[in-house]
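Here are the chains, one letter per residue:
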Amino acid sequence: MSTSHAPPTPSRPDMSGISKNGADRPPPPELVPIVPLSTHRTRVPRWLRRTSGPLLLLALWQLRSSTGVLTPDILASPGTIARVGGNLVADGSLPNAMGVSLQRVAVGLLLGTLVGTGLALVSGLFRVGEDLVDASVQMLRTVPFVGLIPLFIIWFGIGEAPKIAIITLGVSFPLYLNVYAGIRGVDSQLIEAGESLGLSRWGLVRHVVLPGALPGAMTGLRYSLGIAWLALVFAEQINADAGIGFLMVQARDFLRTDVIVVCLIVYAFLGLLADFIVRSLERLLLQWRPTFTGR
C-alpha cells in the first residue's frame, strides 16, 4: 500500500517581531530640499547694483576733472554742473523750460499714439486695410523725420505746430510697427477656439486679439517715448523761445558747456522717469502673462 506524501509547506518569514500597526518598520528616508545654487550667492540689493555703474562713471568723471585731464572748456566737473543746475532751479528758468518741454512731449505723444495705434488696428485687423495702409506707412517710415523739418516749417510756420508735428511723426511709426506685429502675432488656434465658443467678430477682437497684442503695444510705447525725447531735441532747435532745447541753444552761443550738460541730464532723467512709468503700467496690465525675469 503506497503512502501519499503532502507537498512541503513553504517556510514563512518570522513576523513575530513586527506588529500589525507597523510601529517597528524602519523610518522613511528624510527628504532634503534642493536649493538652487543661485541662492547661495551673496545677496546684493538690486538698487545698489543698478546705481553702481552711474556712480563709478561719476567718480571717474570727477577724478579726471580734478587732475586736469578734462578742462572746463571741454567738459565741466560734476561739482560745477551741480552748482549751475541749482542756480537754474533757483531762478526758475529750468522748471519753466521743463514744463514747456513736457507739454510738447505730452501732446506729440498723445497724437502719435492715436495715429500709430489707429493705423495699426486698421491694417492689422482687416486685409483691405493692410492693402491700403501698410505700404504707405512702410514707405514713409524709411524717410528720416528730421529731414522733414524744413517742410514742416514751410507748412506750419515757426510756432508750436512744427515742433509737435515732428514729435507726432516720430512717435507714430514705432507704435504702428509693434501694434501691427502684435495683432498679426496672435495664435490662429486661439482665434479658432474663440469662434468655436461662439464669439462674434468684435468679441474675438476684444477678448483674444487685443489682449494678445498688448505686450507688443507696450514695447512700442517704450520705443516711442525714446523717439519722442529725441524728436524734442530737434524740434526745440526751430526758433524756440522756451524749453530745454532753448536753454541749450543759448548755452551753445555763449560756450557754456556746463549748462548744456545740465540740460542733457534733465533730458536723460525725464526719459528714465517716463520709461519707469511705462514699465510699471506694463507690469500692471500684463499680470496674466508670467514671464522670465532673470536670475
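Anything mentioned here points back to the structure above.
In this text, all values refer to a predicted model and were calculated from it rather than measured experimentally.

A. Spotlight on the overall build of the chain. What the chain contains, in helices and strands, is ten helices and zero strands. Each helix (α) and strand (β) of the chain, taken in turn from the N terminus, gives the series α-α-α-α-α-α-α-α-α-α. Across the 295 residues of the chain, 32% fall into the buried class. For the chain, restricting intrachain contacts to residue pairs at least 6 apart in sequence, the fraction spanning at least 24 positions comes to 71%. Summed over its atoms, the accessible surface of the chain is roughly 20000 Å², and 66% of this surface lies on carbon and sulfur atoms.

B. Quick look at the packing of helix 2 (residues 78–90) against helix 3 (residues 93–125). Contact pair helix 2 / helix 3: the axes reach a minimum separation of 4 Å and the direction vectors enclose 75°. Taken as axis vectors, helix 2 and helix 3 run roughly perpendicular relative to one another. Across from Gly85, Leu88 and Val89 in helix 2, the residues of helix 3 making contact are Ser93, Leu94 and Pro95. Considering only residue class, the contact of helix 2 with helix 3 consists of four nonpolar, two polar and no charged.

C. Structural detail: a positive patch on the surface. Positive charge collects at one region of the surface, where Arg43, Arg46, Arg49, Arg50, Arg279 and Arg283 lie side by side. Among the elements of the structure, helix 1 (46–66) and helix 10 (257–285) are those that each provide at least two residues to the positive patch. Broken down by element, the residue count for the positive patch peaks at three residues, all from helix 1. Note that arginine 46 resides in helix 1.

D. Representation of unusual backbone geometry within the structure. Not every positive phi belongs to a glycine, and leucine 255 is a case in point at roughly 55°. Its place among the elements puts leucine 255 in the loop between helix 9 (244–253) and helix 10.

E. Looking closely at the pattern of salt bridges. All told, the structure shown has six salt bridges when counted by the stated rule. Through salt bridges with shared partners, a single ionic network connects Arg104, Glu160 and Glu236.

F. The packing of aromatic side chains, seen in detail. Enumeration according to the criterion identifies five aromatic pairs in this entry. With 6.0 Å between their ring centres and 50° between their planes, phenylalanine 152 and tryptophan 155 make a pair best called tilted. In this pair, phenylalanine 152 and tryptophan 155 are both assigned in helix 5 (residues 149–156), three residues apart and thus about one turn of the helix distant. Judged by centre distance (5.7 Å) and plane angle (50°), the rings of phenylalanine 152 and phenylalanine 156 are tilted. Pair noted here: phenylalanine 152 and phenylalanine 156 are both in helix 5, with a separation of four residues, about one helical turn. Look at phenylalanine 156 and you get partly exposed, because its relative accessible area is 42%. Pairwise contacts between aromatic rings join Phe152, Trp155 and Phe156 into one cluster.

Reading the values: the criteria
- Residues numbered from 1 in each chain as written.
- Predicted model: local features only at pLDDT ≥ 70, side-chain atom pairs only at ≥ 80, totals over all residues.
- Heavy atoms only, no water.
- Helix = DSSP H or I, 4+ residues; strand = E, 2+ residues; numbered from the N terminus.
- Buried < 20%, exposed > 50% of the residue type's maximum accessible area, 1.4 Å probe, protein only.
- Contact = heavy atoms within 4.5 Å.
- Areas by Shrake-Rupley, 256 points an atom, 1.4 Å probe, with all protein chains shown as cover.
- Axes fitted to C-alpha atoms, helices over the stretch in contact; angles between N-to-C directions.
- Parallel < 35°, antiparallel > 145°, perpendicular 65-115°, else oblique.
- Nonpolar A, V, L, I, M, F, W, Y, C, P; charged D, E, K, R; others polar.
- Patch = residues over 30% accessible without salt bridge, like charges linked within 9 Å, V, L, I, M, F, W, Y side chains within 5 Å.
- Salt bridge = Lys/Arg side-chain N within 4 Å of Asp/Glu carboxyl O.
- Lys, Arg positive; Asp, Glu negative; His and termini not counted.
- Charge placed at Lys NZ, Arg CZ, Asp CG, Glu CD.
- Phe/Tyr/Trp six-rings, centres within 6.5 Å; stacked < 30°, edge-to-face > 60°.

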